[in-house]
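# A look at the structure
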Protein chains: 2
Amino acid sequence: MHTQLNFEELRPVACGESKADLLLVNSQVINVFTGEIVKAAVAVKGGYIAGVGDYSLGQEIIDLHGSFLLPGLIDSHIHIESSMLTPEAFARTAVPHGTTAVLADPHEIVNVLGLDGWRYMVDSSQGLPVDFFWQVPSCVPATNMETSGGNIGPTEVKQALDIFPQSPALAEMMNYPGVINGQESVLNLIKLAHQMNLLIEGHAPGLQGYALNAYAAAGCSSDHECTTREETLEKLRLGFRILIREGSAARNLLEILPLINLNNYHRCSFCSDDRHPAHLLTEGHMDHILRKAVCSGFSAIQAIQMATINPALHYQLKARGAIAPGYLADLVIVDNLKDITVQQVYKQGRLAACDGKCLVAPTTFGNAGISSSVIIPNVEGQLRLIAPHGAQRVRVIEIIPGQILTRSETMSVQAALNDPTVSKLAVVERHGRNGNIALGLVKGFGLQRGALASSVAHDSHNLIIVGQDETSMQIAALKVAEMGGGMAVVDGDQVIAALALPVAGLMSPCPAAEVATGHENLELAAYKLGCHLPAPFMTLSFLSLPVIPELRLTDQGLVDVNLFKLVDMWIS
Amino acid sequence: MHTQLNFEELRPVACGESKADLLLVNSQVINVFTGEIVKAAVAVKGGYIAGVGDYSLGQEIIDLHGSFLLPGLIDSHIHIESSMLTPEAFARTAVPHGTTAVLADPHEIVNVLGLDGWRYMVDSSQGLPVDFFWQVPSCVPATNMETSGGNIGPTEVKQALDIFPQSPALAEMMNYPGVINGQESVLNLIKLAHQMNLLIEGHAPGLQGYALNAYAAAGCSSDHECTTREETLEKLRLGFRILIREGSAARNLLEILPLINLNNYHRCSFCSDDRHPAHLLTEGHMDHILRKAVCSGFSAIQAIQMATINPALHYQLKARGAIAPGYLADLVIVDNLKDITVQQVYKQGRLAACDGKCLVAPTTFGNAGISSSVIIPNVEGQLRLIAPHGAQRVRVIEIIPGQILTRSETMSVQAALNDPTVSKLAVVERHGRNGNIALGLVKGFGLQRGALASSVAHDSHNLIIVGQDETSMQIAALKVAEMGGGMAVVDGDQVIAALALPVAGLMSPCPAAEVATGHENLELAAYKLGCHLPAPFMTLSFLSLPVIPELRLTDQGLVDVNLFKLVDMWIS
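Here the structure is a predicted model, which means the values were calculated and not measured.

Calculation notes
- Residues numbered from 1 in each chain as written.
- Chains lettered and ligands numbered in written order.
- Predicted model: local features only at pLDDT ≥ 70, side-chain atom pairs only at ≥ 80, totals over all residues.
- Heavy atoms only, no water.
- Helix = DSSP H or I, 4+ residues; strand = E, 2+ residues; numbered from the N terminus.
- Contact = heavy atoms within 4.5 Å.
- Axes fitted to C-alpha atoms, helices over the stretch in contact; angles between N-to-C directions.
- Parallel < 35°, antiparallel > 145°, perpendicular 65-115°, else oblique.
- Left-handed = near helix turned anticlockwise from the far one by under 90°.
- Nonpolar A, V, L, I, M, F, W, Y, C, P; charged D, E, K, R; others polar.
- Phe/Tyr/Trp six-rings, centres within 6.5 Å; stacked < 30°, edge-to-face > 60°.
- Buried < 20%, exposed > 50% of the residue type's maximum accessible area, 1.4 Å probe, protein only.
- Core = buried A, V, L, I, M, F, W, Y, C linked by side-chain atoms within 4.5 Å.
- Pairing = 2+ DSSP bridges.
- Buried area = accessible area lost by both parts, 1.4 Å probe.
- Salt bridge = Lys/Arg side-chain N within 4 Å of Asp/Glu carboxyl O.
- Polar contact = N/O pair within 3.5 Å; in protein donor to acceptor, adjacent residues only side chain to side chain.
- Arc of directions from axis to C-beta.

### A word on the environment of V42(A)
Residues and elements named next belong to chain A. The residue V42 is located in strand β2 (residues 36-45) in this model. For the pair V42 and F542, spaced 500 residues apart in the sequence, the C-alpha separation amounts to 47 Å. Beyond its immediate stretch of four places on either side in the chain, V42 contacts L22, L23, L24, S27, V29, I49, G51, V52, L69 and I323.

Given below as structure tokens:
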């Protein structure tokens, strides 16, 4: 949707000599440069703002009757795949909430499909009412203790930039131990990023002191993992741009905001990181963050700056984040600065959304070029857990309710296998690489019977299954495979809910409302089986992420994250 | 002097595992990200900052006893040639005042020598304790009503970037009427700048309303010509970065500063534009601006931000403008934040200045590659002003004391030629192009006898001579030519003062103190001849600048700047 600025076309409009395509009069413009609200007319030509001031000539003249005009909102860090929506469905859902650009890290799909996944995201996000700035994933796979479909090294980074040269950054450098300890492969990526003039995005939960200094010295420029004010202040002082996160899983806004003031807000932006489709539909997106900030007593104008000009400057996004001559006519209309209810959204001068509805016609891109990515070995009889001779005790993953962290527990084999609060867990390699199947035990998932299976399992997205009996687990696994990816809830030999995610096993080609309903049905079905976790499939998807302590199961086996190595399940 | 960051070298120092090259302990660090003063040790390795915090290992450990540590100061817009110093002499004079980088527009030398002048500035500024970011001049020559030595069009811009690829910008687009009126050659340059990812620097004195909107829409991103608060606010609102100017000629700081607050200061920087050698030596450079700002009641920390991180961000100068890991170790030590007296300056971790003295050994670059640029026609008998038959009245340039603006006056021929307050003026083409000689009259210069000549005459720098008699004028012109450029004061057949500026007729290869003394002697000599203007040679140099109203003399004749055309001197 993004055409180049044509100054010859803007010039006579700016000079007040010829008609704007669109003239918005009687607006109260949020001026992100001065922090003021300025009454003005905004003249738009060819998708760009020609002038802000005393204009009167327009093909189409819209009287805003004193409504507020904001620059289009920018999410400074998001994984689109977490919404289970394609870029198009995401855009159609987000634009009515005022979002016109996102900085997106597609590391989920790249873990599955490598550069084919990157190409899909780039290609499928053309011509949409939201502009996607794709960042090149830096940590695919996240560790060498799991089997991913894709693999990103220096060669792939260069290829990714050939496909999408406007990429602003190497996406979140999650392997901070690798940076701090000077791991060669990590240093090579960092060097390459510096050479290629890419920003390096950070991800440094809880890092401080010497280690944080080293991470900063490497050029890691931002952080979206701050959960406390102390952590935020230390990172601000060391030069990190802070992306304050308020998503579906992690919500850090209200903790951090009291630290933010006129002296440091220009180093901060807002991001959602992960956003579920139901939350997008009910709460909103960046508008929700603004609303929440303002409700907490934070200045509306500074909040708007943090969702517009601040990320635009950090990511050097040209002509974005402000309402001024030469900037893109990405404009959001709200009638007050308290509840920030988005009324209309203009994308490059065209009305893209009105009263919560996207007005842009759908494309027919769908899942073009994406074939089924779920290739699993024969699981029949392979999901049965048998204690080897001589095993006395067994390592069990224990869920901590409400947290992504897990605890590493050991139990006697006898107790574990007979404890009704302990479920069976399986991870099946699904990229057609090696047919690995790993088994484990998880305590606290809450199932009384049946099984859940999902092809969304961070970060390498193998097939993960939790269940009480082998039959349910096997049928759930086969159901997900049959759908080419997705999520299923099975009770005995009955599939009681299923959501197909045929795009890399991560995303649905359907609109957000359908996906949200499908996902809600899955959760209701899980609840019927006795699971009362707040987000059963999210919890399941994190059980295989071997970078968050303490114990995880990948297709290669149990990972003790604190030791950062594979460990035996059975202890003799 | 600028080597690349080597993270492998920084890493163990940042991690507190190995010794810094230099450790500054007990410092109060100005944190430009948070606006705080933070007590910390700063560890430097390989010219970069490895860590800021609780460090104790260093080859060399310096105790700052609570002194303040500032990032190296950055001048956001300067013409080095106006100091009459070469880049080296400038750097040696500026670094003791805390300057470690400048954004410089070499349009004076490029008007004389074209790309040879550009290359000279680039080559002669290597390995100095100040880093020079050269911007490609956009308006050479300033008009087509004068003869310059150089000429910059799109081809030359590309060649300039081949010579100095790190150039951040197309320098000040002074031809704002060309932008606003859509002059083709100007639009082509603007398009090229956008294509080549160059910032476009602005210069828009007094521009407002529609015209200012058009100038902004073209992508002109900054302005250093603001003289009032109203003008500054309008430009800020339209997205211009404001470079608040406090130089030798124009001093706008105290007028504009009361407008600047926490909401808008991050859009502002400081610049000197033109700085005379005597002022550099006596008042200082960026330290002088900070001092003046603080004296006026402005926050020292915000002022420091405006001289460090703000220009670094605007010009996307990597690793500059802050004291943080991964940043260049360009550091300034001052013992208090009131009089901002610079004690020591570290350039990339090496002590470059102490107690006002530059400690870096001089280079031997001198004026390598620059041959004499003053090639004039035979002036004998050519400077005599004779009224043509039938001429009744004559146009006279009238000086307005204390201003660069002139008035266009008409007088009867008889009165003009007999008025002792009217001097003769001549401009002699000196680039060896066409041997033009143009004559005129100027009222209010104040000479009672003798003549002044100079090869510094904005912007095409032809030879300009003002005088009371033809002999003095001729001898002054020949003296300047003989020196290969410079300034001379002549009384009859006696040269009573002269300063050689053999580098393009603009700069001296001597140190600042010599140049300042030489220039002072010229002024004293001019005063002896009766001229009591505050800066006779500066006034003279602007009499040929055909972009500032109302009447000017170039080698092609009299220019009525309001009509923007050549006009006849004589009116019949």
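### Description of the packing of helix α4 (residues 115-124) of chain B against helix α5 (residues 154-163) of chain B
Residue and element names in this part refer to chain B. Where α4 contacts α5, the two axes come as close as 10 Å, and the packing angle between them is 20°. Judged by the inter-axis angle, α4 sits roughly parallel to α5. α4 and α5 meet at a crossing whose hand is right-handed. Mapping the contact onto sequence places L115, W118, R119 and V122 in α4 and E156, Q159, A160 and I163 in α5. The residue inventory of the contact of α4 with α5, partitioned by class, reads five nonpolar, one polar and two charged.

### Observations concerning the packing of aromatic side chains
Scanning the entire structure with this criterion turns up twelve aromatic pairs over all chains. When the centroid spacing of 6.2 Å and the interplanar angle of 65° are considered together, the rings of F90(A) and F132(A) count as edge-to-face. You can see F90(A) sitting in helix α2 (residues 87-94) and its partner F132(A) sitting in strand β8 (residues 131-134), a full 42 residues away along the chain. The exposure classification of F90(A) matches that of F132(A), with both residues buried. Each ring, one from Y210(A) and one from Y55(B), has its centre 5.0 Å from the other, and the planes form 45°; the classification is tilted. Of this pair, Y210(A) sits in helix α8 (residues 209-217) while Y55(B) sits in the loop between β3 (48-53) and β4 (58-63), which puts the two residues in different chains. Among the residues examined, Y210(A) registers a relative accessible area of 34% and is labelled partly exposed. Taking relative accessible area as the criterion, Y55(B) reaches 7% and is therefore assigned buried.

### A short note on the nonpolar core
One finds F270(A), F445(A), F270(B) and F445(B) to be the most contacted residues of the largest nonpolar core, which totals 373 residues. If we ignore the near neighbours within four places in the chain, the residues touching F445(A) are I399(A), T421(A), S423(A), L452(A), V466(A), C531(A), L533(A), P536(A), T539(A), L540(A) and L543(A). Ranked by size, the runner-up nonpolar core spans 15 residues in total, among them V379(A), L383(A), M483(A) and V490(A).

### As for unusual backbone geometry
A cis amide bond links V140(A) to the next residue, P141(A), at an omega of -5°. Mapped onto the elements, P141(A) comes out in the loop between β8 and α5 (154-163). Of note in the backbone geometry, N197(A) takes a positive phi value of approximately 65° without being a glycine. Locating N197(A) in the fold gives a position in the loop between α7 (184-195) and β10 (199-202). In the Ramachandran plot, A319(B) falls in the positive-phi region, its phi being about 60° despite a non-glycine side chain. Residue A319(B) is classed as partly exposed on the basis of its relative accessible area of 24%.

### Points about the sheet that holds strand β11 (residues 222-223) of chain B
All names here are of chain B. Overall, parallel pairing links the three strands, which are arranged β11-β12-β13 in an open sheet. Taken across any chain shown, the strands that pair with only one partner, and hence form the sheet edges, are β11 and β13 (268-271). Inspection of the sheet shows β11 paired to strand β12 (residues 241-245) by two bridges, in the parallel sense. Along β12, the bridge assignment pairs D223 with I242.

### Section: the environment of A303(B)
All names here are of chain B. Within the secondary structure, A303 sits in helix α13 (residues 300-306). On the accessibility criterion, A303 (0% relative accessible area) is buried. With twelve residues separating them in the primary sequence, A303 and R291 have C-alpha atoms 9.1 Å apart. Those residues in contact with A303, other than ones at most four positions away along the chain, are F270, L290, A293 and F298.

### Here's the deal with the sheet that holds strand β7 (residues 99-104) of chain A
Pairing between sheet strands relies on hydrogen bonds along the backbone, with the strands arranged either parallel or antiparallel. Residues and elements named next belong to chain A. Pairing is parallel across the open sheet formed by three strands, whose spatial order is β6-β7-β8. Each end of this open sheet is capped by a strand with a single partner; those strands are β6 (73-78) and β8. Between one strand and the next, the sheet's axes are offset by a mean angle of 15°, whatever the strand orientation. Examined bridge by bridge, β6 and β7 share four bridges and lie parallel to one another.

### Some details on the interface of chain A and chain B
Taken together, the contact between chain A and chain B spans 50 residues of the former and 50 residues of the latter. With both sides pooled, the region where chain A packs onto chain B buries about 4300 Å², and carbon together with sulfur makes up 56% of that total. Along the contact surface separating chain A from chain B lie four salt bridges. Counting the contacts that link chain A with chain B gives 14 residue pairs in polar contact (both at pLDDT 80 or more).

### Some words on the pairing of strand β9 (residues 169-173) of chain A
Residues and elements named next belong to chain A. For β9, the tally of buried residues reaches five of five residues, placing the bulk of the element in the interior. Pairing of β9 with β10 involves three bridges; the strand directions are parallel. Paired with L170 across the two strands is I200, which belongs to β10.

### Some details on the side chain of H266(A)
Relative to the helices and strands, H266(A) is located in the loop between α10 (253-256) and β13 (268-271). Excluding residues that lie within four positions of it along the chain, H266(A) makes contacts with R241(A), N310(A), F33(B) and Y265(B).

### A few points about the pattern of salt bridges
As a working rule, side chains carrying opposite charge can pair if their charged atoms are close by. Under the counting rule described, the total for this entry stands at 46 salt bridges over all chains. For R384(A), the salt bridge goes to E470(A), with nearest N and O atoms at 2.9 Å. Taken together, the residues span a long stretch of sequence, with R384(A) in the loop between β17 (357-358) and β18 (393-399) and E470(A) in helix α16 (residues 470-482) at a distance of 86 residues. Residue K347(B) is joined to D131(B) by a salt bridge in which the shortest nitrogen-to-oxygen separation is 2.8 Å. One end of the pair, K347(B), is in strand β15 (residues 342-347); the other, D131(B), is in strand β8 (residues 131-134), with 216 residues separating them in the sequence. Both residues of the pair, K347(B) and D131(B), count as buried. Three or more residues are tied together by salt bridges with common partners; here these are E246(A), R251(A), R275(A), E283(A) and K292(A).

### A closer look at helix α9 (residues 229-237) of chain B
Residue and element names in this part refer to chain B. Residues E231, T232, K235 and L236 constitute the buried set of α9. All buried residues of α9 lie within an arc of 130° about the axis, which places them on one face of the element. Here the buried face of α9 lies against α8 (209-217), β11, β12, α10 (253-256) and β13. Looking one or two residues beyond α9, the residue adopting positive phi is G239, at roughly 100°.

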